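Chain residues, written in single-letter form:
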Amino acid sequence: MKELLTCEQFDWINQTWNKLEEKLSVTAVRSRDKIPFHSKDGLHDDTKEDGINCWTNGFWPGLMWLMYSATGKEDYRKTAEHIEDLLDRAFMNFDKLGHDVGFMWRLASGADYQLTGSEKAKNRQSIAANHLIARYNPTGEFIRAWNAERDGEKTTGWTIIDTMMNLPILYWASREYDDPRFKDVAMRHADNTMVNHVRPDGSVRHIVKHDPTNGEIVGESAGQGYEIGSAWSRGQSWIIYGFVLSYIHTGKVEYLDTAKKAAHYFIAAVCEDWLPRQDFRAPEEGIYDASAGLIAACGMIEIVKLVPEYEKKLYLNAAMKLLMTIEREWADWSEDTDFIINNSTGSYKGKKSHNTYLIYADYYFAEALYKLKGYEPLFW
Ligand code: GLY
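Parameters and conventions
Residues numbered from 1 in each chain as written. Predicted model: local features only at pLDDT ≥ 70, side-chain atom pairs only at ≥ 80, totals over all residues. Heavy atoms only, no water. Pairing = 2+ DSSP bridges. Helix = DSSP H or I, 4+ residues; strand = E, 2+ residues; numbered from the N terminus. Axes fitted to C-alpha atoms, helices over the stretch in contact; angles between N-to-C directions. Phe/Tyr/Trp six-rings, centres within 6.5 Å; stacked < 30°, edge-to-face > 60°. Buried < 20%, exposed > 50% of the residue type's maximum accessible area, 1.4 Å probe, protein only. Lys NZ or Arg CZ within 6 Å of the ring centre and 35° of its normal. Near = heavy atom within 4 Å. Polar contact = N/O pair within 3.5 Å; in protein donor to acceptor, adjacent residues only side chain to side chain. Nonpolar A, V, L, I, M, F, W, Y, C, P; charged D, E, K, R; others polar. Parallel < 35°, antiparallel > 145°, perpendicular 65-115°, else oblique. Left-handed = near helix turned anticlockwise from the far one by under 90°. Contact = heavy atoms within 4.5 Å.

Participant: What exactly am I supposed to notice about the sheet that holds strand β6 (residues 207-210) here?
Facilitator: Two orientations exist for strands paired in a sheet by backbone hydrogen bonds: parallel and antiparallel. Judged by pairing direction, the sheet is antiparallel, and its three strands sit side by side in the order β5-β6-β7 without closing on themselves. Looking at the sheet topology across the chains shown, the edges are occupied by β5 (158-160) and β7 (217-221). Averaged over neighbouring strand pairs, the angle between their axes works out to 25° when direction is ignored. As paired strands, β6 and β7 are joined by four bridges and run antiparallel to one another. Bridge pairing in β7 places K209 opposite G219.

This is the structure:
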């Protein structure tokens, strides 16, 4: 990877990594007892009192494990382990456990197990993987996303593109327990997503509604995007990164091709100024989503490692443009604040979530830099 970078890109990676390390070494201690999602007056909020099952709760410990893996500093490990302990409460809140157990425990305990071999972490990750496989609908060959009703409708037969990022915990369980069931379920879900969520032009649908008794498609919804037929940018990124990861774990070439197709759409839509709009097919209203660009960049960096020599630069340059532009425009390096990357958006309809700080933007920004610096392992 290093030999493909320009001097300017190489210097930016090193300088930015140093700034990241400096700021996070402060935040790791200041936020040791918090599970952040948003920020309040520049400091992390804390979801552990009312939102312990929030899908984002793996990102803070995951970020701490990334930094521990790269630096070996004990402060990062202490914070990560403390948050893992706090997260155990989420297992006892069963109704609120959805498909997002992958996001939550793959980064928290999967990373821990990979780095330390902790039996406690293996146990947590195993419980999460078994919860996820139990959400499989064998007739429709898909993993059910959520439990609760949405907009007055039951979600029993709903699939969403975000689930692609939860599949790595299933691939891990197949390897760990030498049991093909987990991988088989993950691949059937990925195959279903490839056909039903990814459009021929590379843009994607957020929510597809199936009849849970026979798997037939009965509708769709814009979900976090602007409207049916639009292109929610973070959903686009989940497909890019999610399908690369499925390719890495299975070797199925169609998954890599799907990731590339979604990446081509993303690059074409964002390349005017490299600042991702929240939805690429919505009126221009100044609603941005930094997280979409950072997740896409992480996926594209993985694509670089997998494609032939003369294709690599397309994805690497796009990833670098996204990272450098987002950092230049939206990063906050002050040590008085906890957040780093601003201007992400939860959903189009949730006006309060527009152009704000979200913990996963910081996680993916750090993950991209970690990979560009050449650190390993990849936690997904
Ligand atoms: N997985 C939920 C989101 O991307 O907002």
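Here the narrative resumes, following the displayed structure.
Participant: Honestly, the packing of aromatic side chains in this entry has me stumped. Any pointers?
Facilitator: The description of an aromatic ring pair uses the distance of the two centres, along with the angle that the planes make with each other. Under the criterion given, the structure shown has 32 aromatic pairs. Each ring, one from W238 and one from Y364, has its centre 6.0 Å from the other, and the planes form 65°; the classification is edge-to-face. Of this pair, W238 sits in helix α8 (residues 233-250) while Y364 is found in helix α12 (residues 359-372), placing the two residues 126 residues apart along the sequence. Taking the relative accessible area as the measure of exposure, Y364 reaches 0% and is therefore buried. Members of the aromatic cluster, each reached through a chain of ring pairs, are W55, F59, F103, W238, Y241, Y360, Y363, Y364 and W380. Positioned above the aromatic ring of F339 is the side chain of K23, whose terminal nitrogen or guanidinium carbon lies 6.0 Å from the ring centre. Sitting over the face of the ring of W146, R150 holds its NZ or CZ atom 3.6 Å from the ring centroid.

Participant: I keep staring at the site of the ligand and nothing clicks. Help me out?
Facilitator: Every residue near the ligand is listed here: W55, D162, Q224, W232, R234 and W238. With respect to the ligand, the side chain of D162 contributes an N or O atom lying 2.7 Å from a nitrogen atom. Take W238: an N or O atom from its side chain is 2.9 Å from an oxygen atom of the ligand. Split by residue class, the shell around the ligand holds three nonpolar, one polar and two charged.

Participant: In this structure, what is going on with the packing of helix α5 (residues 119-133) against helix α7 (residues 180-196)? I would like to understand it.
Facilitator: Relative placement of two packed helices is described by the angle separating their axes and the distance separating the axes. One way to put it is that α5 packs onto α7 with a least axis distance of 10 Å and a crossing angle of 50°. As the angle between them shows, α5 and α7 are arranged oblique. As α5 runs across α7, the sense of the crossing is left-handed. Residue-level inspection shows A129, N130 and I133 of α5 in contact with α7, the latter providing R181, F182 and V185. Residue composition of the contact of α5 with α7, by class: four nonpolar, one polar and one charged.

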